Amino acid sequence: MNSTYPMISPTWLFDHFSDDNLILLDATVEHSVVGEQLEGPRNYLPNSQAFDIEKVFVDLTSSLPNTMPSSDKFSQEAKNLGINDDSIVVIYDERGLYSAPRAWWMFKCMGHEHVYVLNGGVKAWQAMGYPLSDTLGVDLYAQGNFVAHYQADKIYSAQDVLAAIDTTNTMIVDVRGEGRFNGTVQEPREGMRSGHIPSSINLPFSKVLAGHQYLPNEELVALLKQYQFDQAEKLVFSCGSGLTACIVLLAAYCVGYNNMAVYDGSWSEWGGDHSLPIE
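Below is a short write-up of the structure. Please read all numbers here as calculations on a predicted model, not as lab measurements. (Residues numbered from 1 in each chain as written. Predicted model: local features only at pLDDT ≥ 70, side-chain atom pairs only at ≥ 80, totals over all residues. Heavy atoms only, no water.)

### Structural notes on helix α7 (residues 217-226)
If you check which residues of α7 are buried, you get L220, L223 and L224. Projection of α7 onto a plane perpendicular to its axis shows the buried side chains occupying an angular sector of 95°, all on one side. Opposite the buried face of α7, by more than 90 degrees, sit the exposed residues E218, K225 and Q226. The secondary structure elements touched by the buried residues of α7 are β10 (213-214) and α8 (245-254). Backbone geometry just after α7 places Q228 at a positive phi near 65°. (Buried < 20%, exposed > 50% of the residue type's maximum accessible area, 1.4 Å probe, protein only. Helix = DSSP H or I, 4+ residues; strand = E, 2+ residues; numbered from the N terminus. Arc of directions from axis to C-beta. Contact = heavy atoms within 4.5 Å.)

### Focus: the sheet that holds strand β6 (residues 155-156)
On the basis of which strands lie adjacent, the open sheet formed by five strands has the order β6-β12-β11-β7-β8 and parallel pairing. Bordering the open sheet on either side are β6 and β8 (201-202), each of which pairs with just one other strand. Relative to strand β12 (residues 260-263), β6 is paired through two bridges, and the arrangement is parallel. Residue I155 lies in a different strand from β12, and its bridge partner there is V262. The strands touched by helix α3 (residues 100-109) are β6 and β12; relative to β12, the strand with the most contacts, the crossing angle is about 115°. Along the sheet, α8 contacts β11 (234-238) and β12; its crossing angle with β12, the most-contacted strand, is approximately 175°. (Pairing = 2+ DSSP bridges. Axes fitted to C-alpha atoms, helices over the stretch in contact; angles between N-to-C directions.)

### Quick look at the side chain of D264
Within the fold, D264 resides in the loop between β12 and α9 (266-270). The class for D264 is buried, based on a relative accessible area of 8%. Ignoring anything within four residues of it in the chain, the contact list for D264 reads N66, T67, M68, R102, I155, Y156, S241 and G242.

### Some thoughts on α3
In an α-helix, one turn spans 3.6 residues; hence positions three or four apart end up facing the same way. The buried count for α3 comes to ten of ten residues, which makes it a mostly enclosed element. For α3, the set of buried residues is A100, P101, R102, A103, W104, W105, M106, F107, K108 and C109. Just downstream of α3 lies G111, where phi reads positive at about 85°.

### Some words on the pattern of salt bridges
Oppositely charged side chains can form a pair if their charged atoms are brought close together. Across all of its chains, the model carries nine salt bridges by this definition. Among the ionic pairs, E187 bridges to R176, the shortest N-O distance being 2.9 Å. With E187 in the loop between α6 (178-182) and β8 and R176 in the loop between β7 (170-174) and α6, this residue pair connects regions lying eleven residues apart in the sequence. In this structure, a network of salt bridges that share partners links the residues D26, E30, R42 and E94. (Salt bridge = Lys/Arg side-chain N within 4 Å of Asp/Glu carboxyl O.)

### Side note on the sheet that holds strand β2 (residues 22-26)
Pairing is parallel across the open sheet formed by five strands, whose spatial order is β1-β5-β4-β2-β3. Edge positions in the open sheet fall to β1 (7-8) and β3 (48-50), since each of these has one partner strand only.

### Looking at the pairing of β7
Counting buried residues along β7, five of its five residues qualify, which places the element largely inside the surrounding structure. Alternating positions in β7 separate into two faces, T170, I172 and D174 on one and M171 and V173 on the other, with burial throughout. In this sheet, β11 lies alongside β7 in parallel orientation, the contact comprising five bridges. Within the sheet, the bridge partner assigned to M171 lies in β11 and is L235. As defined by bridge partners, β7 adjoins β8 across two bridges and the pair is classed as parallel. What sits directly across from V173, in β8, is I201.

This is the structure in structure tokens:
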């Protein structure tokens, strides 16, 4: 296993399924504004637990969706899942690559390095003929000892983004669809303005995917070069609610970019705040 590469294959996971320090988390979100809709009964990988982005690993005091919880809350909820400081955390989701990258980035923001995403999620696992369960596990492990160490430079606020608009060493990457970026289609959330953050570029998250998996790395390299990604710049990713931004962020991480952040409020905040500029 390459400890720095964030993706793992179903074959690797199947071969290491019984490792003592492996924790398997299902980060599927039930509600999706732009992602593939879930149909029929859910399938889960055996011995996996829910990593609930919508109701547990989230700041419930915020009026915005999917915002990062405090480090104390994250630590406690991770301990409840049996996660230790040395645990190998593997994250998957039902849609393949949709919400799992967000969960991965949350762990990275909280200072946990041994965290990985199952490339292709449940569908890739199932395609290999590996076993599935119709239920998630609950209380599978003893209380963990995980302690979060929040990396503040990995999460941007609206004020951080506002300050970055006119800087030459930061690129703001909006991963929403072209119509939403250009303001030619109505926003899915009521009351949102249409358009985009000034100086931002548009790279729809669908462009880094081939079905339920990422494009091959050589194609990702070429794509990001086409969009003028620069290793010397800070890359700040935005979307509708801070979730799909992580799909493109993780793709960039796979091919060597590491100076990156997510605008946590994303368009849910920016589009709803009339004091913030738009184009």
